[in-house]
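Fold and contact review
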Amino acid sequence: QLQASGGGSVQAGGSLRLSCAASGGTYRNHNMAWFRQAPGKEREFAAAITWSGGDTYYKDSVKGRFTISRDNAKNTVYLEMSSLKPEDTAVYYCAASLYDSAYDLLREHSYAYWGQGTLVTVSS
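Please read all numbers here as calculations on a predicted model, not as lab measurements. By convention here, each chain's residues receive numbers from 1 onward along its written sequence. A pLDDT threshold of at least 70 governs which residues receive local features in this predicted model, and a stricter bar of 80 or more applies before side-chain atom pairs are shown or counted, although totals over entire chains, interfaces and linings include all residues. For the side-chain quantities, the full set of heavy atoms in the structure was used; hydrogens and water were omitted.

Strand order in this open sheet of four strands is E1-E3-E8-E7, and the pairing throughout is antiparallel. Every interior strand has two partners, whereas the edge strands, strand E1 (2-5) and strand E7 (66-71), have only one. Averaged over all adjacent pairs, the angle separating strand axes in this sheet is 15 degrees, with direction ignored. Should DSSP find at least two bridges between two strands, the strands are regarded as paired. What counts as a helix is a DSSP run of H or I of at least four residues, what counts as a strand is a run of E of at least two, and both are numbered from the N terminus. By the bridge criterion, six bridges tie strand E3 (residues 16-22) to strand E8 (residues 76-81) in an arrangement that is antiparallel. Note on E8: the bridge partner recorded for Cys20 is Val77. Simply put, an axis is a line fit to the C-alpha atoms, just over the touching stretch for a helix, and the angle between two N-to-C directions goes from 0 to 180 degrees.

The structure is reproduced here in structure tokens:
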């Protein structure tokens, strides 16, 4: 089970750190990602990290502002978000995948396990 937390309301330019804690099993060998769904829009990829933490991938619009990381000892994945913009407003979901390729890690259908989502609201 994946449990996302850390969402909230911030002003533009602010920062938040999201956490995704795994319970009831280990995801140390899973590649992990954050997806997000803005109001009225489809869910989209935001960031991913391989099981070892050695490779990370980002949506172009969040590069340089978001950082994904993981602590396998704690079975937790993080998303540090800074310089937040109103267009970052969305429900953020963490997900786990056993697919390995960069192509697959950017795609929603590659993820078998999903958290419940945490809402991030950025006001201008």
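Having seen the structure, we can now continue with the description.
With that settled, the discussion passes to the packing of aromatic side chains. Pairing of aromatic side chains here covers Phe, Tyr and the six-membered ring of Trp, requires ring centres within 6.5 Å, and sorts the geometry by plane angle: under 30 degrees stacked, over 60 edge-to-face, intermediate tilted. In total, this model carries five aromatic pairs according to the counting rule given. With a centroid separation of 5.8 Å and 75 degrees between ring planes, the pair formed by Tyr27 and Tyr113 is classed as edge-to-face. Taken together, the residues span a long stretch of sequence, with Tyr27 in the loop between E3 and strand E4 (31-37) and Tyr113 in strand E10 (residues 113-114) at a distance of 86 residues. Throughout this description, buried means an accessible area under 20% of the type-specific maximum (1.4 Å probe, protein chains only), exposed means over 50%, and partly exposed covers the range between. For Tyr27, a relative accessible area of 9% puts it in the buried group. Aromatic pair Phe35 and Trp114: ring centres 5.1 Å apart, planes at 55 degrees, arrangement tilted. With Phe35 in strand E4 and Trp114 in strand E10, the pair connects residues that are 79 residues apart, well separated along the chain. In textbook terms, an aromatic cluster arises when at least three aromatic residues are bridged by ring pairs, as seen for Phe35, Phe45, Tyr111 and Trp114.

Further remarks concern the side chain of Asp88. Locating Asp88 in the fold gives a position in the loop between E8 and strand E9 (90-97). Contact between two residues is taken to exist if any of their heavy atoms lie within 4.5 Å; hydrogens are not considered. Ignoring sequence-local partners within four residues, the contact set of Asp88 consists of Arg36, Arg65, Phe66, Ser83, Val120 and Val122.

Moving on to the side chain of Asp104. Along the polypeptide, Asp104 turns up in helix H1 (residues 102-105). Separated by 2.9 Å, the side chains of Asp104 and Ser101 make a polar contact. The contact partners of Asp104, leaving out residues within four places of it in the chain, are Tyr99, His109, Ser110 and Tyr111. N or O atoms within 3.5 Å of each other form a polar contact, as long as, within protein, one can give a hydrogen and the other can take it, and as long as residues adjacent in sequence are counted only when both atoms are side-chain atoms.

Quick look at the pattern of salt bridges now. For salt bridges, the criterion is a side-chain nitrogen of Lys or Arg within 4 Å of an Asp or Glu carboxyl oxygen. The full count for this structure, using the stated rule, is seven salt bridges. Note that Glu44 and Arg36 form a salt bridge whose closest N and O atoms lie 2.8 Å from each other. Take Glu44: its relative accessible area is 29%, and that puts it in the partly exposed class. A salt bridge links Glu108 to Arg43; its shortest N-O distance comes to 2.7 Å.

Moving on: the nonpolar core. Counting 26 residues, the largest nonpolar core has Leu2, Met32, Trp34, Leu79, Met81 and Tyr92 as the members making the most contacts within it. We call a set of buried residues a nonpolar core when its members are Ala, Val, Leu, Ile, Met, Phe, Trp, Tyr or Cys and they connect through side-chain atoms within 4.5 Å of each other. Counting residues in each nonpolar core, the second largest holds seven residues, with Phe45, Ala48, Ala95 and Leu105 among its members.

Along a regular strand, successive side chains alternate from one face of the sheet to the other. Among the seven residues in E4, six count as buried, and that is most of the element. By the bridge criterion, seven bridges tie E4 to E9 in an arrangement that is antiparallel. Along E9, the bridge assignment pairs Ala33 with Ala95. In this structure, E4 lies alongside strand E5 (residues 44-49), joined through five bridges in antiparallel fashion. Within the sheet, the bridge partner assigned to Phe35 lies in E5 and is Phe45. Here E4 folds back onto E5, and the loop between the two strands holds six residues, one of which, Gly40, carries a positive phi near 75 degrees.

Scope: geometric values only; no functional claims are made or implied.
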